[in-house]
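Structural features, examined
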Amino acid sequence: MREDLLDPRAIRLDERAADRDEAIRLCGRVLVGIGAVAEPYVEAMIERERSISTYVGEGVAIPHGTAAAKEDVKRDAICVVRFPAGVDWDGDQVTVCVGIAAKNDGHVPLLAELAEILMDPERARTLREATETRQVIEELT
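Residues numbered from 1 in each chain as written. Predicted model: local features only at pLDDT ≥ 70, side-chain atom pairs only at ≥ 80, totals over all residues. Heavy atoms only, no water.

If you walk across this open sheet you meet the five strands as S1-S4-S5-S3-S2, and the pairing is mixed. Every other strand in the sheet has two partners, leaving strand S1 (11-12) and strand S2 (55-57) as the edge strands with one partner each. Two strands pair when backbone bridges link them, and strand S3 (residues 60-61) and strand S5 (residues 92-101) are joined in this way by two bridges, in the parallel orientation. Bridge pairing links Ala61 to Cys97 in S5. In the packing of helix H1 (residues 20-33) onto the sheet, contacts are made with S1, strand S4 (77-89) and S5, and the angle to S4 comes to roughly 160 degrees. (Pairing = 2+ DSSP bridges. Helix = DSSP H or I, 4+ residues; strand = E, 2+ residues; numbered from the N terminus. Contact = heavy atoms within 4.5 Å. Axes fitted to C-alpha atoms, helices over the stretch in contact; angles between N-to-C directions.)

What follows is the structure, encoded as structure tokens:
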């Protein structure tokens, strides 16, 4: 994955969320905070989740906005938010959210790359258990 997609400020390793929507909003706010998206993108991420789950297995979800929200994306970026206590995601436990902001079809190769990383149980475990920003960057770039 391109290094410029993952700003170290977009890696949060010790967060808490009461539920799925709060976790997604936190991811969205991280993307807003690094200047990757405009504020309306956050609600578009919730809207996307309501239409189709972004849970991909191995304790990981990949929330992203709807196609209509592409105009709110300023630049392609990802965030990695870890919830050590886990978050109930419609019956599954999520400990890592990888939020995506992508213009046009930029999310397609990103999702493919992330799926490849996450299908490797060792790499997925490293992400779930990461306690240092450096570990996440090394695993994803």
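A separate point is the packing of H1 against helix H2 (residues 40-51). Axis separation between H1 and H2 bottoms out at 8 Å; the angle between their running directions is 145 degrees. Of the two elements, H1 crosses H2, and the hand of that crossing is right-handed. Of the residues in H2, those in contact with Arg20, Asp21, Ile24, Arg25, Cys27, Gly28, Arg29, Leu31 and Val32 of H1 are Tyr41, Val42, Glu43, Met45, Ile46, Glu49 and Arg50. Across the contact of H1 with H2, the residue classes break down as eight nonpolar, one polar and seven charged. (Left-handed = near helix turned anticlockwise from the far one by under 90°. Nonpolar A, V, L, I, M, F, W, Y, C, P; charged D, E, K, R; others polar.)

Moving on: the environment of Ala67. Along the chain, the position of Ala67 falls in the loop between S3 and S4. The exposed category is assigned to Ala67, whose relative accessible area is 57%. Between the C-alpha atom of Ala67 and that of Asn104, which follows or precedes it by 37 residues, the distance is 8.3 Å. (Buried < 20%, exposed > 50% of the residue type's maximum accessible area, 1.4 Å probe, protein only.)

What follows deals with the nonpolar core. Judged by nonpolar contacts, the single largest core of 27 residues is most densely connected at Leu31, Tyr41, Phe83 and Trp89. Dropping the residues within four chain positions of it, Phe83 is found in contact with Glu15, Arg16, Ala17, Ala23, Leu26, Val94, Thr95 and Cys97. (Core = buried A, V, L, I, M, F, W, Y, C linked by side-chain atoms within 4.5 Å.)

Positionally, Asp7 belongs in the segment before S1. Taking the relative accessible area as the measure of exposure, Asp7 reaches 17% and is therefore buried. Of note is the side chain of Asp7, whose polar atom sits 2.6 Å from the side chain of Arg9. Filtering out sequence-adjacent residues up to four positions away, Asp7 remains in contact with Ile34 and Arg75. (Polar contact = N/O pair within 3.5 Å; in protein donor to acceptor, adjacent residues only side chain to side chain.)

It is worth spelling out unusual backbone geometry at this point. The phi dihedral of Glu58 is positive, around 55 degrees, even though this residue is not glycine. Examined against the element boundaries, Glu58 turns out to sit in the loop between S2 and S3. On the accessibility criterion, Glu58 (39% relative accessible area) is partly exposed. Phi angles above zero are rare outside glycine, and Asp90 is one such case at about 55 degrees. Considering the arrangement of structural elements, one finds Asp90 in the loop between S4 and S5.

Right, let's talk about a negative patch on the surface for a bit. A cluster of like negative charges, contributed by Asp19, Glu22, Asp88 and Asp92, occupies part of the molecular surface. Tracing the chain through its elements places Asp19 in the loop between S1 and H1. (Patch = residues over 30% accessible without salt bridge, like charges linked within 9 Å, V, L, I, M, F, W, Y side chains within 5 Å. Areas by Shrake-Rupley, 256 points an atom, 1.4 Å probe, with all protein chains shown as cover. Salt bridge = Lys/Arg side-chain N within 4 Å of Asp/Glu carboxyl O. Lys, Arg positive; Asp, Glu negative; His and termini not counted. Charge placed at Lys NZ, Arg CZ, Asp CG, Glu CD.)

To continue, consider the environment of Ala112. Checked against the element boundaries, Ala112 lands in helix H3 (residues 107-118). Counting along the chain gives 43 residues from Ala112 to Ala69, while the straight-line C-alpha distance between them is 21 Å.

Bear in mind that shape data such as this cannot, by itself, settle questions of function.
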